[in-house]
Amino acid sequence: MKKSGPCCRCPSLKPSRNTAQFYLLFLLIALYMLVGALVFSSLERPAELQAHRLWEKRSEDFAHKHGISLGELKSLLRHYEEARISGVRTEQGRALWDLPGAFYFVGTVVSTIGFGVSAPSTVAGKILLVFYGLLGCSASILFFNLFLERVITLLTNILLRCRRNGPAAQVQEKRDGPAEGNKPLKPSIYQLSLILFVVVMLVACAAASLYSAMEGWTYLESLYFCFVAFSTVGFGDLVSGQRAQHGETRAYQVANCLLMLLGVCCMYSLFNSIAVIIKQALSWLLGTLERLYNTIGDCRRQLRPLFKFCIPESNTCYCDDKSPNKKHTIAVYSSDHGTYGKAHIVTISNRNMT
């Protein structure tokens, strides 16, 4: 007997789990950015308006005091903004493009920090930066990944050694033999994230103490700088090692570069581990939504017979095949003989339908 089934099979529009995670993460990031924009706007906008009013008043007072027009003063300030790109400062600072300054610049490029305190001003320098950064940033990302692998290997060896030397492991080894103590043991993503967070905080606190002493910043400003630098955000409002006396302090320059490298590696590893946790949370959220959807579907299927006796249904299946000999089976529900929901099977062809 030929099996009866649906005459048309439409492709499923349900996205895969990875695609659903991508869309959900996009929506959550957009919502996160919107909330962040609202919060930062409410915090920083009043200070911005106050700074603008203060600057306009100072500019007008300066122009009136020295007998120059406000337009000439603003023209001079625009020229100064252009000169800042080449390293011109109102106060004497460290040279930007000597060998140590250029080394600091390329360090901010390959680590993707990009403070913006120095940037190429020549056409040749800008063209070179495109290709130099392409290779340097790729190599740095590979180095960060290898650093994370070394951290995981180190933690695995530490956990395995603690497991072997523990009292419970010694009892197990005596009972089951030494082979049981050689099982591979890897830290969970939560343990790894916690350890990396502690390491990042230790490095940031130690670096903040150094920056607070050498740069004249408060400790809170130094911690803020450490996060901005280690996370490779690099706003450029605070930049280390730019004072004139820092050019003669070679030990501080070396320590600054090493702290930057160590901080970026640890923060990058922490970001990767947190990303894995976020992905697990997205999977749990999608699973919860799917179970909720299935529960609602089951409730609808259970309640559907209650409405069948009140509302007649008509289920018709249409196929895309336009051949004149193609036959269709239609199940029509009618109310003949005073009974609702009695099905009549009707078979028609495309020729009859036209």
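Preceding this paragraph is the structure being described.
One structure accompanies this document, and this report is about it. (Residues numbered from 1 in each chain as written. Predicted model: local features only at pLDDT ≥ 70, side-chain atom pairs only at ≥ 80, totals over all residues. Heavy atoms only, no water.)

1. So, the overall build of the protein chain
- Counting secondary structure elements, the protein chain contains nine helices and three strands.
- Helices and strands appear in the protein chain in the N-to-C order α-α-α-α-α-α-α-α-β-β-β-α.
- Burial statistics for the protein chain: of 354 residues in total, 23% are counted as buried.
- Across the protein chain, contacts joining residues at least 24 apart in sequence account for 58% of those joining residues at least 6 apart. (Helix = DSSP H or I, 4+ residues; strand = E, 2+ residues; numbered from the N terminus. Buried < 20%, exposed > 50% of the residue type's maximum accessible area, 1.4 Å probe, protein only. Contact = heavy atoms within 4.5 Å.)

2. Focus: the environment of Glu56
- Turning to its location among the elements, Glu56 is positioned in helix 1 (residues 17-66).
- Relative accessible area serves as the criterion here: at 32%, Glu56 is assigned to the partly exposed category.
- When the C-alpha atoms of Glu56 and Leu70 are compared, they prove to be 9.8 Å apart, with 14 residues separating the residues in sequence.

3. Some points on the side chain of Ser269
- Looking at the secondary structure, you find Ser269 in helix 8 (residues 250-308).
- At 2.9 Å, the side chain of Ser269 and the backbone oxygen of Cys265 are in polar contact.
- Non-local contacts of Ser269, meaning those with residues more than four positions away in its chain, are made with Phe144, Phe147, Leu148 and Leu196. (Polar contact = N/O pair within 3.5 Å; in protein donor to acceptor, adjacent residues only side chain to side chain.)

4. A few points about helix 3 (residues 99-110)
- Between its terminal C-alpha atoms helix 3 stretches 17 Å, which fits the 16 Å expected from twelve residues at 1.5 Å a residue.
- Among all positions of helix 3, only Gly101, Tyr104, Phe105, Thr108 and Val109 are buried. Axial view of helix 3: buried residues confined to an arc of 140°, hence all on one face. Turned more than 90 degrees from where helix 3 packs its buried face, Leu99 and Phe103 sit exposed.
- Capping the start of helix 3 is the job of one residue whose side-chain oxygen sits 2.9 Å from the backbone nitrogen of Gly101: Asp98.
- A positive backbone phi angle near 60° is found at Thr112, which sits one or two residues after helix 3. (Expected span 1.5 Å × (residues − 1). Arc of directions from axis to C-beta.)

5. A look at the state of the cysteines
- Across all of its chains, the model carries zero disulfides by this definition.
- Looking at Cys205, it has no disulfide partner, and the nearest cysteine sulfur is the one in Cys226, 8.4 Å off.
- Judged by its relative accessible area of 1%, Cys226 is buried. (Disulfide = S-S within 2.5 Å.)

6. Observations regarding the packing of helix 6 (residues 189-215) against helix 7 (residues 219-230)
- In the contact formed by helix 6 and helix 7, the axes pass within 8 Å of each other and the chain directions differ by 125°. Relative to helix 7, helix 6 is oriented oblique. Where helix 6 crosses over helix 7, the handedness of that crossing is right-handed. Along its contact with helix 6, which presents Val203, Ala204, Cys205, Ala207, Ala208, Ser209, Tyr211 and Ser212, the element helix 7 presents Tyr219, Ser222, Leu223, Phe225, Cys226 and Phe230.
- A per-class count over the contact of helix 6 with helix 7 returns eleven nonpolar, three polar and no charged. (Axes fitted to C-alpha atoms, helices over the stretch in contact; angles between N-to-C directions. Parallel < 35°, antiparallel > 145°, perpendicular 65-115°, else oblique. Left-handed = near helix turned anticlockwise from the far one by under 90°. Nonpolar A, V, L, I, M, F, W, Y, C, P; charged D, E, K, R; others polar.)

7. Observations concerning the packing of aromatic side chains
- In this structure the tally under the stated criterion is nine aromatic pairs.
- Ring geometry for Phe144 and Tyr268: centres 5.2 Å apart, planes at 45°, overall tilted. With Phe144 in helix 4 (residues 123-165) and Tyr268 in helix 8, the pair connects residues that are 124 residues apart, well separated along the chain.
- A centroid spacing of 5.1 Å and a plane angle of 90° characterise the contact between Tyr211 and Phe225, whose relative ring orientation is edge-to-face. Taken together, the residues span a long stretch of sequence, with Tyr211 in helix 6 and Phe225 in helix 7 at a distance of 14 residues. The two residues Tyr211 and Phe225 agree in class, both being buried.
- Members of the aromatic cluster, connected to one another through ring pairs, are Tyr104, Phe115, Tyr211, Trp217 and Phe225. (Phe/Tyr/Trp six-rings, centres within 6.5 Å; stacked < 30°, edge-to-face > 60°.)

8. Thoughts on helix 1
- Between its first and last C-alpha atoms helix 1 spans 69 Å; for 50 residues at 1.5 Å apiece the expected length is 74 Å, and the two agree.
- At Glu44, helix 1 shows its maximal kink, close to 35°; a proline, Pro46, follows between one and four residues later.
- Turning to helix 1, its buried residues are Ala20, Gln21, Leu24, Ser59 and Ala63.
- Looking one or two places after helix 1, you find Gly67, whose phi comes out positive at around 70°. (Bend = angle between axes of the 7 residues up to and from the residue.)

No statement about biological role is implied by the geometric values presented.
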